[in-house]
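# Close look at the chain arrangement
Chain residues, written in single-letter form:
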Amino acid sequence: MMRNVKSLYLRNLISVMAILLVSQIMLAIVFSVFCYNYMIKDKRDSLESTAGEVSRMVSAYSMSWELNGLNMRMALSSFSDTSGFDIMLCDSSGRCVSCSDKIVNCQHIGRYVGKTVIGAIDTSSEGMVSSKGDLGGVLEKKSYFVGQPVKDFLYGNTIGYVFLVVNSRVLNNMWQEFIFLYIMVSAFVVMFAFAVTRIV
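What counts and what doesn't
Residues numbered from 1 in each chain as written. Predicted model: local features only at pLDDT ≥ 70, side-chain atom pairs only at ≥ 80, totals over all residues. Heavy atoms only, no water. Helix = DSSP H or I, 4+ residues; strand = E, 2+ residues; numbered from the N terminus. Buried < 20%, exposed > 50% of the residue type's maximum accessible area, 1.4 Å probe, protein only. Contact = heavy atoms within 4.5 Å. Disulfide = S-S within 2.5 Å. Polar contact = N/O pair within 3.5 Å; in protein donor to acceptor, adjacent residues only side chain to side chain. Arc of directions from axis to C-beta.

### Focus: the overall build of the protein chain
Helices and strands together make up the secondary structure of the protein chain, namely 4 helices and 5 strands. In the protein chain, the order of α-helices and β-strands from amino to carboxyl end is α-α-β-β-α-β-β-β-α. For the protein chain, buried positions account for 35% of its 200 residues. For the protein chain, the share of sequence-separated contacts (at least 6 apart) that also reach a separation of at least 24 residues comes to 55%.

### Some details on the state of the cysteines
Following the criterion strictly, the structure yields 0 disulfides and no others. The cysteine C90 is free of any disulfide, with C96 supplying the nearest cysteine sulfur at 4.9 Å. By relative accessible area, C90 is classed as buried at 0%.

### Some details on the side chain of S80
In this structure, S80 sits in helix α2 (residues 70–83). Overall, the relative accessible area of 10% leaves S80 in the buried class. A polar atom in the side chain of S80 sits 3.5 Å from the side chain of S100. Excluding its chain neighbours within four sequence positions, the residues that come into contact with S80 are F85, D86, I87 and S100.

### Comments concerning helix α3 (residues 115–123)
Listing the buried residues of α3 in full gives V117, I118 and I121. The arc that holds every buried residue of α3, seen down its axis, measures 95°, which confines them to one face. Exposed side chains of α3 directed beyond 90 degrees from the buried face belong to K115, T116 and T123. Contacts made by the buried residues of α3 are with β3 (129–133), β4 (143–151) and β5 (158–166).

Quick look at the structure:
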């Protein structure tokens, strides 16, 4: 009799654990997709709003500063530290003339952004382009970026382009941290359920 009770208890325990495990896995998949998409959307929204601010700042400063001058680069670095995004400034031909890197001779300077990217910005009805790529070889790895033209403060013609970049590795790290936290919580829930059934 006792053996039958133990066998029934074991089968019920395994069934409960299996149901909990499957439900936690399904919930983890749903939340992972939702949170990853939310993080990407949030970063893109931040990129777009910040790009507008940087474009207006460069437009105003260009009245007294050169695009490739030291003052402009210091301003970009300061804005980058505040926003958390990398910033590149190109002239009207798409050549990178300044950026937010602290290194004086950084790898971006002198490189040309792909013509397809520049063309997409010029023809965009929104006045900007938000995508993922390497900007025609300017970046080492594909990253999320927003590109926006810089208009002359007085006449309104395009004098350059600003690009704000967020490394996709940052998003992946945030997503992995969330997954790790979720796994730890799920393991605690399963262990707690097991302990409760043992007591009962």
